[in-house]
Amino acid sequence: MIKIWSEREIAIMRKCGRTVAKLLETLREAVRPGVSTGELDRLAEAFLLEHGVRPAFKGYRGYPATICTSVNEQVVHGLPGERVLREGDIISIDVGACLDGYFSDAAMTFPVGEVDGTARRLLEVCQGALWAAIRRCIPGNHLSDISHTIQRYVESRGYSVVRDYAGHGIGTKIHDEPQIPNYGPPGQGPRLRPGMVLAIEPMVNVGTWEVMTMPDGWTVVTRDGKLSAHFEHVVAITDNGAEVLTLG
Ligand code: MF3
Ligand code: CO
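Colleague: Would you mind going over the overall build of the protein chain in detail, with residue names and values included?
Modeller: Each helix and strand in the protein chain was counted, giving four helices and 15 strands. At 17 Å, the protein chain has a C-alpha radius of gyration in line with the 18 Å of a compact globule built from 248 residues. If one aligns the C-alpha atoms of the protein chain with their principal axes, the spans along those axes are about 45 × 45 × 30 Å. For the protein chain, with 248 residues in total, the buried portion stands at 56%. For the protein chain, restricting intrachain contacts to residue pairs at least 6 apart in sequence, the fraction spanning at least 24 positions comes to 70%. Positive and negative charge centroids in the protein chain, built from 26 and 30 side chains respectively, lie 4 Å apart.

Colleague: So, the coordination of the cobalt ion (ligand 2): which residues are in play, and what are the values?
Modeller: Distances from the cobalt ion (ligand 2) to its protein donors, Asp-105 (OD), His-168 (NE2), Glu-201 (OE) and Glu-232 (OE), fall within 2.0 to 2.2 Å. Relative to the metal, the six donor atoms surrounding the cobalt ion (ligand 2) lie at angles of 47 to 179°, and the coordination shape comes out irregular. All donors to the cobalt ion (ligand 2) come from one chain, and their sequence spacing reads D-x62-H-x32-E-x30-E. Of this pair, Glu-201 sits in the loop between β9 (197-200) and β10 (203-205) while Glu-232 is found in the loop between β13 (228-230) and β14 (233-238), placing the two residues 31 residues apart along the sequence. Glu-201 gets classed as buried once you look at its relative accessible area, which sits at 7%. For Glu-232, a relative accessible area of 1% puts it in the buried group.

Colleague: Requested: an account of the packing of helix α3 (residues 117-135) against helix α4 (residues 143-155), with residues and values cited.
Modeller: Packing of α3 against α4 brings their axes to within 9 Å, and their N-to-C directions diverge by 150°. In terms of orientation, α3 lies roughly antiparallel with respect to α4. Crossing geometry of α3 relative to α4 is assigned as right-handed. Across the interface between the two elements, Glu-124, Val-125, Gly-128, Ala-129, Ala-132 and Ala-133 of α3 pack against Ile-146, Thr-149, Ile-150, Tyr-153 and Val-154 of α4. Class assignment of the residues belonging to the contact of α3 with α4 gives a composition of eight nonpolar, two polar and one charged.

Colleague: Residues and numbers for the nonpolar core, please.
Modeller: Leu-40, Ile-93, Ile-146 and Ile-200 are the most contacted members of the largest nonpolar core, which totals 77 residues. The residues touching Ile-93, leaving out its near neighbours within four places in the chain, are Leu-24, Leu-27, Val-31, Leu-40, Ile-67, Cys-68, Ala-106, Ala-107, Met-108 and Phe-110. Within the second largest apolar cluster, six residues are counted, among which are Val-75, Val-76, Val-162 and Val-211.

Colleague: Outline the packing of aromatic side chains, listing residues and values.
Modeller: The full count for this structure, using the stated rule, is three aromatic pairs. For the pair Trp-5 and Tyr-102, a centre-to-centre distance of 6.2 Å together with 85° between the ring planes defines the contact as edge-to-face. Taken as a pair, Trp-5 in the segment before α1 (7-30) and Tyr-102 in strand β5 (residues 102-111) lie far apart in primary sequence, 97 residues in all. Classification of Tyr-102 by relative accessible area gives buried; the value is 9%. A centroid spacing of 6.5 Å and a plane angle of 90° characterise the contact between Phe-57 and Tyr-63, whose relative ring orientation is edge-to-face.

Colleague: Explain the site of ligand 1 to me, using residue names and the numbers behind them.
Modeller: As a matter of local geometry, ligand 1 sits amid Phe-57, Tyr-60, Tyr-63, Cys-68, His-77, Asp-94, Asp-105, His-168, His-175, Glu-201, Trp-218 and Glu-232. The contact in question runs from an oxygen atom of ligand 1 to an N or O atom on the side chain of His-175, over 2.5 Å. Glu-201 is positioned such that a nitrogen or oxygen atom in its side chain is 2.7 Å from an oxygen atom of ligand 1. Compared with its free state, where it exposes 330 Å², ligand 1 has 95% of that area covered by protein. Taken atom by atom, the bulk of ligand 1 overlaps the largest pocket. The residue inventory of the shell around ligand 1, partitioned by class, reads five nonpolar, three polar and four charged.

Scoring rules and cut-offs
Residues numbered from 1 in each chain as written. Chains lettered and ligands numbered in written order. Predicted model: local features only at pLDDT ≥ 70, side-chain atom pairs only at ≥ 80, totals over all residues. Heavy atoms only, no water. Helix = DSSP H or I, 4+ residues; strand = E, 2+ residues; numbered from the N terminus. Rg over C-alpha atoms; globule rule 2.2 N^0.38 Å. Buried < 20%, exposed > 50% of the residue type's maximum accessible area, 1.4 Å probe, protein only. Contact = heavy atoms within 4.5 Å. Lys, Arg positive; Asp, Glu negative; His and termini not counted. Charge placed at Lys NZ, Arg CZ, Asp CG, Glu CD. Donors = N, O, S within 2.8 Å, 3.2 Å for Na, K, Ca; no water. Tetrahedral: all angles 85-135°; square planar, octahedral: opposite > 155°, others 65-115°. Axes fitted to C-alpha atoms, helices over the stretch in contact; angles between N-to-C directions. Parallel < 35°, antiparallel > 145°, perpendicular 65-115°, else oblique. Left-handed = near helix turned anticlockwise from the far one by under 90°. Nonpolar A, V, L, I, M, F, W, Y, C, P; charged D, E, K, R; others polar. Core = buried A, V, L, I, M, F, W, Y, C linked by side-chain atoms within 4.5 Å. Phe/Tyr/Trp six-rings, centres within 6.5 Å; stacked < 30°, edge-to-face > 60°. Near = heavy atom within 4 Å. Polar contact = N/O pair within 3.5 Å; in protein donor to acceptor, adjacent residues only side chain to side chain. Areas by Shrake-Rupley, 256 points an atom, 1.4 Å probe, with all protein chains shown as cover. 1 Å grid on protein atoms, 1.4 Å probe; cavity = no way out; pocket = protein on both sides within 12 Å on 5 of 7 lines; lining within 4 Å. Sits in = over half its atoms within 2 Å of the grid points.

If you want it as structure tokens, here you go:
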């Protein structure tokens, strides 16, 4: 069952999402050669607490940090630490937050200084896939129209979509029903209805879609070591289409 949230509840998620978006804009400025992923994590934790929201990932299934920092071939769930960013890297930063029991979750991939054309195009394709999917979030469309839109957008441009991780419903839990795979046929699953709130999050690879988890138990990397990107927004379905709740 996909929950239908009230306008009051969505207003709280909007407030939480706006703080997450502002943090991502702050992190975009902080990302530069010489900064460590641990410093970004400390900045993120301080920012969220100052804005009155709780970091949602910390302690989730034992996750030790406020953000996930996934560099280059790292796909998701990269652990912040001593690693220092270098010119030409890309870094995916994923943030979860909770306000008054309601969650938000968003991710972006940033270039570190000047990056090459392969990296630039990857970021464009991943972000383009997310926005193509958001445009499909209208009442009456099927859940799998989101999945199909992402797969078609990405694969028609010569990139691959990660199969092992998916988008998800979100509300009073960070991961709620339904699962939203980033691939699949159109026209399947429940129809979208006003009041549903969904986290849509394509993970896009330059090479193979296959991934594996590193021995730290968290960091997911591409099997071929090629670059990966991740963009995520939370959207509320309304009568007029999608309202993105994770915009500044
Ligand atoms: N941000 C991930 C998602 O979008 C969840 C991260 S879980 C954590 O579903 F354990 F890494 F915190
Ligand atoms: Co998510």
